[in-house]
Amino acid sequence: MLTESQKQQYQRDGFIVIPGFKSPEAIAALRARAAEIVNDFDPAAQSGIFSTIEQEKTTDDYFLGSDNTVRCFFEEEAFGADGQLKQAKSLSINKIGHAMHDLDPAFRAFTADARLEELARELGLSDPKVWQSMYIFKQPGIGGEVRWHQDATYFDTDPVSVTTFWFALEDATLDNGCMWAEPGGHRGPMRERFLRNGDDVRMEKLSDMAWPDNSTAVPLECKAGSLVCFHGLLPHYSAPNRSAVSRHAYTLHVTDGATSYSPQNWIQRDDKLPARGFL
């Protein structure tokens, strides 16, 4: 799957961008299914606003209960002072998460790709296990900031193995809030760890190392169909989307089954819904 140059870049920078990985037809099918899920979502019966700014404060039962099911989350800026949506529901959802890759046929079809299994192994995952899926809308005008973080914070293994597979379903640009990453930042320490014990969650600080800024970070602009793969310790971020166009993406978090998966990670699986690979 990968050239020697791409393998070297991944080792050096902690990420690679593979253009044209998914076809327009595959993207259209996933987007259509996401639209159906949002259309069927009843805001009056369910609730949830997604934020990475104050993770512990905004983590509630609705979020924690989404670990092994499929739920919609609103953008932080979706509601006005009167508590009503400021725009159509379809333009108010931040993301869908977190087990579509296992529970929804359309998302499973997109995820069950033999090329991803091969790619994961080339990136060093001897036994890939997909723990989480998210469909991210990055809505026009109100698409929220995702603060600097490392995905290993939420998927702790010993040794660190979590790898992110991020699919651009629309063009990701500077204008609509593309991701930014710090090349080589994956060689630094894990700064935080998100711990769950039952319904109690907390963010444990592990390092005082400062997060990157625009002097060291680079934008990961890419075209629809591109796949971005990055190491779990890579610091990354995305700015708010103040443009008139959305930035849809689908992302998977994958660990190596040969590593030890922390029992304090927020997503756990049992025999009823075991973590499985791409095939």
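Residues numbered from 1 in each chain as written. Predicted model: local features only at pLDDT ≥ 70, side-chain atom pairs only at ≥ 80, totals over all residues. Heavy atoms only, no water.

**Student:** Explanation requested: the overall build of the chain in the structure shown.
**Tutor:** Regarding its fold elements, the chain presents seven helices and 15 strands. Its C-alpha atoms give the chain a radius of gyration of 18 Å, within 12% of the compact-globule value 19 Å for 279 residues. In terms of principal-axis extent, the alpha carbons of the chain reach across some 55 × 40 × 40 Å. Burial analysis of the chain (279 residues in total) assigns 55% to the buried set. (Helix = DSSP H or I, 4+ residues; strand = E, 2+ residues; numbered from the N terminus. Rg over C-alpha atoms; globule rule 2.2 N^0.38 Å. Buried < 20%, exposed > 50% of the residue type's maximum accessible area, 1.4 Å probe, protein only.)

**Student:** Can you help me understand the nonpolar core in this one?
**Tutor:** A general trend in soluble globular proteins is that nonpolar side chains are found buried together. Core analysis: the biggest nonpolar cluster contains 55 residues, and I96, L119, Y135, F165, F167, L227 and Y250 have the highest contact counts within it. With five residues, the single largest contributor to this core is helix α2 (residues 24-40). Counting 18 residues, the second largest nonpolar core, distinct from the first, contains W166, A217, C222 and Y237. (Core = buried A, V, L, I, M, F, W, Y, C linked by side-chain atoms within 4.5 Å.)

**Student:** What should I look at first to understand the pattern of salt bridges in this one?
**Tutor:** A side chain with one charge can pair with a side chain of the opposite charge if their charged atoms come near. Tallying each qualifying case throughout the model produces 18 salt bridges. For D102, the salt bridge goes to R108, with nearest N and O atoms at 3.7 Å. By relative accessible area, which is 12% here, D102 ends up buried. Since its relative accessible area comes to 11%, R108 is described here as buried. Across the pair R276 and D102 runs a salt bridge whose closest N-O atoms are separated by 2.7 Å. One end of the pair, R276, is in the segment after β15 (260-261); the other, D102, is in helix α5 (residues 100-103), with 174 residues separating them in the sequence. We classify R276 as partly exposed; its relative accessible area is 34%. Counted as one network, the salt bridges with shared partners bring together D102, R108, R269 and R276. (Salt bridge = Lys/Arg side-chain N within 4 Å of Asp/Glu carboxyl O.)

**Student:** Quick question: what am I supposed to make of the packing of aromatic side chains here?
**Tutor:** Evaluation of the coordinates by the stated rule reveals 16 aromatic pairs. By way of ring pairs, the aromatic residues F21, F107, F110, Y135, F137, F167 and Y250 are connected into one cluster. Over the ring of F73 we find K95; its NZ or CZ atom is 5.5 Å from the centre of that ring. (Phe/Tyr/Trp six-rings, centres within 6.5 Å; stacked < 30°, edge-to-face > 60°. Lys NZ or Arg CZ within 6 Å of the ring centre and 35° of its normal.)

**Student:** Honestly, helix α1 (residues 4-13) in this entry has me stumped. Any pointers?
**Tutor:** Given 3.6 residues per helical turn, the α-helix brings residues three or four places apart onto the same face. Among the residues making up α1, those that are buried are Q6, Y10 and D13. Looking down the long axis of α1, one finds its buried residues gathered within 95° of arc, a one-sided arrangement. Among the exposed residues of α1, those pointing more than 90 degrees away from its buried face are E4, S5 and Q11. Buried positions along α1 lie against β1 (15-18), β7 (163-168) and β12 (227-231). In the stretch just after α1, G14 is the one whose phi turns positive, near 90°. (Arc of directions from axis to C-beta. Contact = heavy atoms within 4.5 Å.)

**Student:** Would you explain the sheet that holds β7 in this entry?
**Tutor:** Strands belonging to one sheet form pairs held by backbone hydrogen bonds; the direction of such a pair is parallel or antiparallel. With antiparallel pairing, seven strands are arranged side by side in an open sheet as β1-β12-β7-β14-β4-β3-β2. Every interior strand has two partners, whereas the edge strands, β1 and β2 (70-74), have only one. Between one strand and the next, the sheet's axes are offset by a mean angle of 20°, whatever the strand orientation. Strand direction decides the pairing type here: strand β3 (residues 93-98) and strand β4 (residues 128-136), joined by four bridges, are antiparallel. Bridged to I96 within β4 is Y135. Contacts from α2 reach β2, β3, β4, β7 and β14 (249-256), with the element oriented near 100° to β3. Most of the contacts of helix α7 (residues 114-122) go to β7, to which it runs at about 135°, and overall it touches β1, β4, β7 and β12. (Pairing = 2+ DSSP bridges. Axes fitted to C-alpha atoms, helices over the stretch in contact; angles between N-to-C directions.)

**Student:** For this particular structure, what's the right way to read the environment of S207?
**Tutor:** Within the secondary structure, S207 sits in the loop between β10 (200-205) and β11 (218-219). Classification of S207 by relative accessible area gives buried; the value is 17%. Counting along the chain gives 120 residues from S207 to Q87, while the straight-line C-alpha distance between them is 40 Å.

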